[in-house]
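Spelled out from the first residue to the last, the chains are:
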Amino acid sequence: MSAVIDSHGTSHGHDDHHDHGAPAGLMRWVTTTNHKDIGSMYLWFSFVMFLVGGVMALTIRAELFQPGLQIVRPEFFNTMTTYHGLIMVFGAIMPAFVGFANYLIPLMIGAPDMAFPRMNNWSFWLLPPAAILLIGSFFAPGGAAGVGWTMYAPLTSQMGPGMDLTIFAVHILGMSSIMGSINIVTTILNMRCPGMTLMKMPMFVWTWLITAYLLIATMPVLAGAVTMTLTDRHFGTSFFNAAGGGDPVLYQHIFWFFGHPEVYIIAIPAFGVVSQVIPAFSRKPLFGYASMVYATSSIAILSFIVWAHHMYTVGMPVAGQLYYMYATMLIAVPTGVKVFNWVATMWKGSLSFETPMLFALGFLFLFTLGGFTGLVLSMTPVDVQLHDTYYVVAHFHYVMVAGALFSAFAGVYYWLPKWTGRMYDETLGKWHFWLSIIFFNVTFFVQHFLGLAGMPRRIPDYHTQFTEFNVISSIGAFGFGLSQLLFLYIVLKALRSGEKAADKQWDGADTLEWTHLPTPMPYHTFENPPTIK
Amino acid sequence: MSSTTPTHNYYLPEPSHYPVVGSVALLLMLGGMALWFNGLAFGQWSTLAGLAVLIYMMKIWFGKVIEESEGGLYTKRVDVSFRWSMGWFIFSEVMFFAAFFGALFYARLYSVPELGAVDQKLLWPEFNSAWPTAGPNAMDAFTPMGAWGVPAINTLLLLTSGVTLTVAHFGMLENNRGKLNLWLGLTIALGVIFLGFQAYEYSHAYSELNLKLTSGIYGTTFYLLTGFHGFHVTVGTIMLIVVWVRCLKGHFTADHHFAFEGVAWYWHFVDVVWLFLFIFVYWF
Amino acid sequence: MMIRKIGTAAGLLVSALFSHAASAAYQLNLTTGATKLSQEVYDLHNLMMWIIVVIFAAVFGVMFWSVYAHRKSVGHKADQFHENTTVEILWTVVPVLILMVMAWPATKTLLAVRDTSSPELTIKATGYQWKWGYDYLKGEGEGISFTAQLTTPRDQIYGMAPKGENYLLETDNHVVVPVGKKVRILTTAADVIHAWYVPALAVKQDAVPGFVRDTAFKAEREGIYRGQCAELCGKEHGFMPIVVEVVSQEKYIAWVNEQKKKMAAAAEDPNKKWDLAELKARGEKVYAGNCVACHQANGKGIPGNFPALDGSKIVNGPIAAQIDIILNGKPPTAMQAFGKQLSDTDIAAVIAYSRNSWGNKMGDMVQPADIKAARK
Ligand code: HEA
Ligand code: HEA
Ligand code: CUA
Ligand SMILES: [Cu+2]
C-alpha cells in the first residue's frame, strides 16, 4: 500500500484554525458527537469491562486451583463462566476495536468525523445500559444465568429472570453493534478524502469495512436466536422443544451462524491493527497489500459457511460433518496468506522493537499457534475427542487473548502518543509485554494437555488427575491479571506525566493521522479534507 | 458551535442529549419487560415509562433531523450517507427475518421429518411427520391457516400499495404535489387495511381454528413470522404517515426527498418479505 | 499405513521427550484408548501435530531470522519491496495441498467412527439432571435397566475427607459390556442437552431431549473406563460421570443373569399395603437418591432456582397435585417427569416422606396402587 501524500495537504494546523476545543464537564462526554471522544469512551469502557470479566476469570481459576469445591457453589461457578465469556466478548474485545475504529477511521481516510455523529454517540451510550442489565442479572431472584456464553436451549428455559435480563442485554448490544457498523461502513464508503481510493485505504480501514459487514449480517441473527429463546421461555412457543416439533439443535445452528463469524469479528480488526504496526516498525510497506484485502474478504465469506464445526457431536449426518470439516480447513489458507504476508513485511526490513511491535509479534506468534489448534479441532474425528474440553478453551484463548487482546494492546501503545500527545514509559511497556506473554502461556498452554487428557470445560471441580496443570494455570492467570494492572498504571502515568510525543512519533508510520496532523491532535480534524495522489 | 456552521462540506451535528435519553428509555423498557414477564413488581410500569420516553426521544430526535433537513444543512454527500445507511439497515432486517425463516425451513426440512423417522420411534412411537403439525406431543388439534382467503387479499393489498407508492414517487419527481399527496395517502390506507385484516385473521385463528401461539412448531413459526412482519408493517405505516404529513406541509423537493425514498425502500422490503411469507407460511 | 507409522513414530518421540513426566498426572496427549478407533484418532492427532509443528517452525524460523538479522539496531536498512506474485501464489497453493494431505486420513477415520451399523448390543443412555439412565434394548441382556449416578461422598468434594482414587468418576451402577463386541449407544435426554463422553472409547455424543442419536464402540481390552457428561447441563454438570466396565464374555453373561435375578427380586407386589413409617423410611432413600440435588437434604431448596419442599403449598396441599408434578414433572423447568424413572412404590414413598418431614406434618400418604391408577 502506498498512499502518496499530496504536498499541499501536509501543512499542519492549517485546516484547524476554527477549532474551539471541547465543551467541558461531564455533559461533554454524555452528549458528545466527536468521534475522538466517542472512541476514547469505547476504549475506557472496554477496559473496565475487561477488569470485570477478568475478575470473573480469576474466580473461575481460583475455584479450579484445587480439586474440590472451595470458593463458590456450582451454580454460581456456571454464572461466572457465562458472564466471563459474554462480558469479555461483547463488553471488552468488541468495544475495544469499535473504539479504535471510531478514533482512527475518520483520521485515516481524511474525513471530518463519522458519517452520523449523533448515532455514533448512541451506539456507545447503549453499552452502559447493556452492561447494567448483564450485571444486574446477578441481583435478580435466582441469580444470573448459568448457561454458558452460547446460551444453549433448552437449559435457558430453566433459568430465572436473570436470563431475560441477559437476553435483553444482548438485544441492546446488537442494536449498538448494528448502528455502529452502519456508521462505519457509511463513513468508509462515503467520507474518504479526494484521492483515497478503496485500494489506497490503510489496511486497518479495510479490516473494519469487512468486519462491519460481518456485524450487520450476523448481529440480527443473534437477536433472532435470543428472541426465540425468550418466546420459548415465556409464551409457550416450540422453537427448541421437540415435543412441539422444534429442535434444541436449531438453536445451535442459529447461534453459530452468528457465532462463527463473530470470532472473526473479533479477529479481523486485530489483523488490521497488526497490519499497521508491523510495517511501521519494519520501516517497510505492508507486503502484499492487495492479497491481504482479498484474504480478509475470503475469511469473511468463508466464515458464513463453516458454523457447524462447533456442533460435530450433536449427531448430524456424516456428510454434514465432512462438509463442515473441509470448509473449515479452507479458512487456514487465507489466514495463512495473512501470516506469511506479515512475516514477509518484516523480511529485510529495518526492525525495531518498541512495545507496540512486541505486542504485534506476540500476536503473530501466539495467534498462529491458536489458529493451528483450531485446525486440529476442525478435524471431525479429533474434535469428537476434544469438543467441550479444555483444549477448546486453550484454542480460543490463544486466538482471542494472545490474538485480539494483544493486538489491542499493540494498538493502544502505538496510537497513545498520537491520541494524548504524550509518550508512555517504554521500559514499563516492555515489562508489561514480557509479563503478559509469559503468564499468558503459563495459564493457557497447559490447558491443551488438560483437554487432551479429557477434562471437560465448564466444570467447577475435577478429577485429581488434572490437579497439577490446573494449579499451574491458575497461578498463571493471577500473574496475567496482575500484569494488566501495570498496563493501567502505564496509561495513567503517560497521561499525567508522559514526555511530549512528536508529530510523527514512529518514523515508519505512514497513515494520515501521523503524516498530516500535529500531536496532540486538535478536537476537530480534516474539516477540509486533504488530497491524496 | 463552530461545528454547525455550514462552512463544511459535510454537516456535523452539535453535541446532543437525545442518545442518552434513548438509552435510558431502552434500559427502563427492556429491564421492565424482564421483570414483567416474570411477574415481578413494577415491570409493566417500567416498560410503559420506557416506551413513553422512547417515543418522546424519537419525536424530538426526528423532529430535529427534519428541521436540519429543511434548513438545507444536508448536502448531497450527507444524502449519500443516508442512502448507504438505509440500505445497510434494510440488509440487517433481512438477516433478522432470515433467522426466523431459517427456523421455519429447518423445522420443515429437518426437525419435523426427523421426529417421525424410524430412529425416533423409540421416543415418539405414534408420530407421523407431516406439515403442518403441532409436534409429537400435540395437545389439541388445530386447523392451519389457508392461503386463499384473507392472506391472498392481503397479498393483493400490499402489492397494490407498492404500486401506489411508486405513483406517489412519480408525483414527487414531477413536482405534482396533488398526485404525491393522494397516492401516498392511498398507500397508507392500504397499509392500515392490511393490518386490519391481519388482526381479523389472528382473532379468527384463535377463536375458530384453535390455532394458537402454543400450537407447536406450526403455531410458533406462523405467529412469529407473521407477527414480526406485521410489526414491520406497523412501523412502515407510521413512517409513511410521518412522511405524508411532511408532504402535506410542503416539505421535500423533486431532488431532495431522501426521507420519502428511505421509507419507500423499507416499504418495498416489507412487501417482499410478505411474498415469502405468503409462499412459505400460508401456501406451501 | 504409512501415516500410521509416522503417527506412531511421532508418538514415541513425544513420549521420549516427556518420559520423565509421563505419569497419569501429567498426561500430555490424547489417550490411546481401548478401541481400535481411539488408537486411530490418536495417530491422526499426532500426524496433525507434526505437520503443524513443522510449518510452525518454518514460518517462525523465518520470522526470528528477520528479528535477528534485520534489526535496525545492527544497522540493517529496509528494502522497499512489497509484492511478489510468485511467492504469493506459492503460499496459497502449498497450504491447500497440505490440507488435502490432512483431510484424507481424517475422512477415513471419520467414516469409520460414524459407522454404527450391525451392533451386537444396543444400549440406550438417557441424560437426566444429573444422572444417566441405561436401558439394554437389544442383544444379550435385553431388558436390563438402571440408573447410574455419582457416588463420591460430599465430604470429599468439600474437602472434609481425602479424595479417593476415582474422585468424581465413580457411579453406583456401571455400564457393563462384553469385550470385543460392537456396542451401539443410543443417546437421548429427558430435560436438557447432555453428552455421553468416554475418552478411552473415543466416543462423545450429545444427548438431545426429544431426539435419539447414536454412537458406537468396540472395546478391545477389558477394564473400567471412565468419562463425564460433556455438555453444560446445569448446576451438577460436573458431577454426572459415566463408568463403562468392559468384561469378558463369560463375566458378561454372569452379570446379565445376576441383573435379571435382581430385577425379579425387586419386582414388588404392587398391591402391597404399606404403613406410613415403612413408606417414609423408604422415601428417605428415594429422596436422597433423586431429589436432594435440587431440593436439598433439608428440603429448603435453593431460593430462586429450586423451590423448598419444606412448607411448599403443593406438598402441604391436595395429594393429587403432588402426584401429578412428580409423575409428569413441569416442563420446561428442571422438575422432570419422575414417572418414567421411579417405580410406583418409590413415588408413593417419596411422597410420604416429603409430606411428613422437616416442617411438613400432613400425616397422610398414598399407596403404590394409587400411583399406578394416577399414571393413566
Ligand atoms: C478470534 C477468535 C477465533 C479465531 C480467529 C478462530 C479461528 C479458528 N478456529 Fe476457533 N474458536 C473460537 C475463536 C476463534 N477461532 C472460539 C471462541 C471457540 C469456542 C466457542 C465456544 O464453544 O465457546 C472456537 C472453537 C472452534 C472449534 C470448535 C471446537 C469445539 O467446540 O469442539 C473449531 C473446530 O473446527 C475451531 C476451528 C477454528 C479454525 C480452523 C480457525 C482458523 O481460522 C484458524 C486459521 C489459522 C491458521 C491455521 C494459522 C495460520 C496459517 C498458516 C500459517 C498457514 C499454513 C497452515 C496450514 C496449511 C496448516 N474453533
Ligand atoms: C476475548 C475474550 C476473553 C478474554 C480476554 C478472556 C480472558 C481470560 N479467560 Fe476466558 N473465556 C472466554 C473469553 C475470554 N477470556 C470465553 C468466550 C469463554 C467461554 C465461556 C463459556 O464457556 O461459556 C471463556 C472461558 C474461560 C475459562 C473456562 C471456564 C469454564 O469452562 O468453566 C477459563 C478458565 O481458565 C478462562 C480463563 C481466562 C483467564 C484467566 C483470562 C485472563 O486473560 C483474564 C485476565 C484479566 C484479569 C485478571 C483482570 C485484570 C486484573 C484485575 C481486575 C486486578 C485483580 C487481579 C488480581 C488480584 C490478580 N476463560
Ligand atoms: Cu449432564 Cu452435563
Ligand atoms: Cu467457529
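About the thresholds
Residues numbered from 1 in each chain as written. Chains lettered and ligands numbered in written order. Predicted model: local features only at pLDDT ≥ 70, side-chain atom pairs only at ≥ 80, totals over all residues. Heavy atoms only, no water. Helix = DSSP H or I, 4+ residues; strand = E, 2+ residues; numbered from the N terminus. Rg over C-alpha atoms; globule rule 2.2 N^0.38 Å. Buried < 20%, exposed > 50% of the residue type's maximum accessible area, 1.4 Å probe, protein only. Contact = heavy atoms within 4.5 Å. Areas by Shrake-Rupley, 256 points an atom, 1.4 Å probe, with all protein chains shown as cover. Lys, Arg positive; Asp, Glu negative; His and termini not counted. Charge placed at Lys NZ, Arg CZ, Asp CG, Glu CD. Donors = N, O, S within 2.8 Å, 3.2 Å for Na, K, Ca; no water. Tetrahedral: all angles 85-135°; square planar, octahedral: opposite > 155°, others 65-115°. Buried area = accessible area lost by both parts, 1.4 Å probe. Salt bridge = Lys/Arg side-chain N within 4 Å of Asp/Glu carboxyl O. Polar contact = N/O pair within 3.5 Å; in protein donor to acceptor, adjacent residues only side chain to side chain. Nonpolar A, V, L, I, M, F, W, Y, C, P; charged D, E, K, R; others polar. Near = heavy atom within 4 Å. Pairing = 2+ DSSP bridges. Domains from an automatic or database assignment. pLDDT = per-residue confidence, 0-100.

Asks: What exactly am I supposed to notice about the overall build of chain C here?
Replies: Within chain C, the regular secondary structure consists of 10 helices and 10 strands. Here the C-alpha atoms of chain C give a radius of gyration of 28 Å, more than 25% beyond the 21 Å that 2.2 N^0.38 yields for 376 residues. Taken over the C-alpha atoms alone, chain C extends approximately 95 × 50 × 40 Å along its principal axes. Within chain C, the fraction of its 376 residues that count as buried is 49%. Of the contacts made within chain C by residues no fewer than 6 positions apart, 64% connect residues no fewer than 24 positions apart. Carbon and sulfur atoms make up 62% of the accessible area of chain C, which amounts to about 17,200 Å² in all. Each charge class in chain C can be summarised by its mean position, and for the 40 positive and 35 negative side chains these summaries are 2 Å apart.

Asks: Explanation requested: the coordination of the iron atom of ligand 1 in the structure shown.
Replies: Ideal coordination angles are 109.5 degrees for a metal with four donors arranged tetrahedrally and 90 or 180 degrees for a metal with six donors arranged octahedrally. Within the protein, a single donor atom binds the iron atom of ligand 1, namely A:H395 (NE2) at 2.2 Å. The two metals, the iron atom of ligand 1 and the copper ion (ligand 4), are separated by 4.6 Å.

Asks: Can you help me understand the coordination of the iron atom of ligand 2 in this one?
Replies: Residues and elements named next belong to chain A. For the iron atom of ligand 2, the full set of protein donor atoms is H84 (NE2) and H397 (NE2), and the range of their distances to it is 2.0 Å. Between the six donor atoms coordinating the iron atom of ligand 2, the angles at the centre fall across 89 to 180°, so the site counts as octahedral. With H84 in helix α3 (residues 74-109) and H397 in helix α14 (residues 390-420), the pair connects residues that are 313 residues apart, well separated along the chain.

Asks: When you look at the interface of chain C and chain A in this model, what are you seeing that I'm missing?
Replies: Often, the extent of an interface is quoted as the loss of accessible area on bringing the components together. With 95 residues of chain C at the interface, the matching set in chain A holds 97 residues. Taken together, both faces of the contact between chain C and chain A bury some 8,200 Å²; the carbon and sulfur share is 68%. Seen at the junction of chain C and chain A, the total is one salt bridge. The partner of C:K72 in a salt bridge is A:D507, with the nearest N and O atoms 3.9 Å apart. The interface formed by chain C and chain A includes 27 residue pairs in polar contact (both at pLDDT 80 or more). Of all elements in the fold, only α2 (36-69), α3 (85-113), β7 (203-207) and β9 (223-229) of chain C reach the threshold of two or more residues within the side of chain C that touches chain A. At 16 residues, α2(C) tops the list of elements feeding residues into the side of chain C that touches chain A. Of the residues contributing to the side of chain C that touches chain A, the split by class is 54 nonpolar, 25 polar and 16 charged.

Asks: Would you mind showing me how to read the interface of chain B and chain C here?
Replies: Each partner contributes residues to the interface: chain B has eight residues there, and chain C has eight residues. Across the chain B to chain C interface the summed buried area is about 650 Å²; carbon plus sulfur atoms make up 66%. Applying the counting rule to chain B against chain C returns one salt bridge. The partner of B:E114 in a salt bridge is C:R213, with the nearest N and O atoms 3.3 Å apart. Linking chain B to chain C there are three residue pairs in polar contact (both at pLDDT 80 or more). In terms of residue class, the side of chain B that touches chain C is made up of four nonpolar, two polar and two charged.

Asks: When you look at the site of ligand 1 in this model, what are you seeing that I'm missing?
Replies: All names here are of chain A. The environment of ligand 1 is made up of 32 residues, and the closest members are W149, Y264, D383, H387 and H395. Contact distances for ligand 1 include 2.5 Å between an oxygen atom and a side-chain N or O atom of Y264. Contact between ligand 1 and S378: an oxygen atom at 3.3 Å from a main-chain N or O atom of the residue. Residue assignment for the shell around ligand 1 shows that the elements contributing at least two residues are α8 (248-282), α11 (332-346), α12 (355-378) and α14. By residue class, the composition of the shell around ligand 1 is 19 nonpolar, 11 polar and two charged.

Asks: Could you clarify how one ought to interpret the pairing of β9(C) in this entry?
Replies: Both faces of the sheet carry side chains from a regular strand, because those side chains alternate between them. Residues and elements named next belong to chain C. The pairing of strand β6 (residues 194-198) with β9 spans two bridges and is classified as antiparallel. Across the sheet, Y197 pairs through a bridge with Q228, a residue of β9. With six bridges connecting them, β9 and strand β10 (residues 241-247) associate as antiparallel partners. Bridging across to β10, Q228 finds its partner in P241.

Asks: Help me understand the domain arrangement of chain C in this model?
Replies: All names here are of chain C. The domain boundaries assigned to chain C delineate domain 1 (36-113), domain 2 (121-266) and domain 3 (276-375). For domain 2 versus domain 3, the separation of C-alpha centres amounts to 26 Å. Between domain 2 and domain 3, roughly 730 Å² of surface is buried when both sides are summed, and carbon and sulfur atoms account for 50% of that area. On the domain 2 side of the contact with domain 3, Y128, K131 and K235 bury the most area, a combined 50% of that side's loss. One can count zero salt bridges joining domain 2 with domain 3. Here domain 2 is connected to domain 3 by five residue pairs in polar contact (both at pLDDT 80 or more).

Asks: Help me understand the confidence of the model for chain A in this model?
Replies: Fine structural detail should not be taken from predicted coordinates in areas where pLDDT scores are low. Across chain A, pLDDT averages 92, with 96% of residues at or above 70. Confidence drops under a pLDDT of 50 for residues 1-19 of chain A, and excluding neighbours within four residues, the segment shows 45 contacts in the predicted structure.

Asks: I would appreciate a short explanation of the site of ligand 2 in the present structure.
Replies: Residues and elements named next belong to chain A. Near ligand 2 there are 33 residues, and of these R61, H84, W149, H397 and R458 occur at the shortest range. W149 is positioned such that a nitrogen or oxygen atom in its backbone is 2.7 Å from an oxygen atom of ligand 2. Here an oxygen atom of ligand 2 and a backbone polar atom of R458 are 2.7 Å apart. At the level of secondary structure, the elements contributing two or more residues to the shell around ligand 2 comprise α2 (35-63), α3, α14, α15 (426-452) and α16 (467-497). With eight residues, the single largest contributor to the shell around ligand 2 is α2.

Asks: Any chance you could explain the pattern of salt bridges here in plain terms?
Replies: Should the charged atoms of two oppositely charged side chains come close, the side chains can pair. Taken as a whole and judged by the stated rule, the model has 21 salt bridges over all chains. Here A:D37 ties to A:R28 by a salt bridge, and the two come within 2.5 Å at their closest N and O atoms. Residue C:R184 pairs with C:D214 through a salt bridge whose shortest N-O separation is 2.8 Å. Of this pair, C:R184 sits in strand β5 (residues 182-189) while C:D214 sits in strand β8 (residues 213-218), and the two are 30 residues apart along the sequence. Taken as a pair, C:R184 and C:D214 share a single burial class, namely buried. When salt bridges that share partners are traced, they join A:R283, A:D507 and C:K72 into one network.

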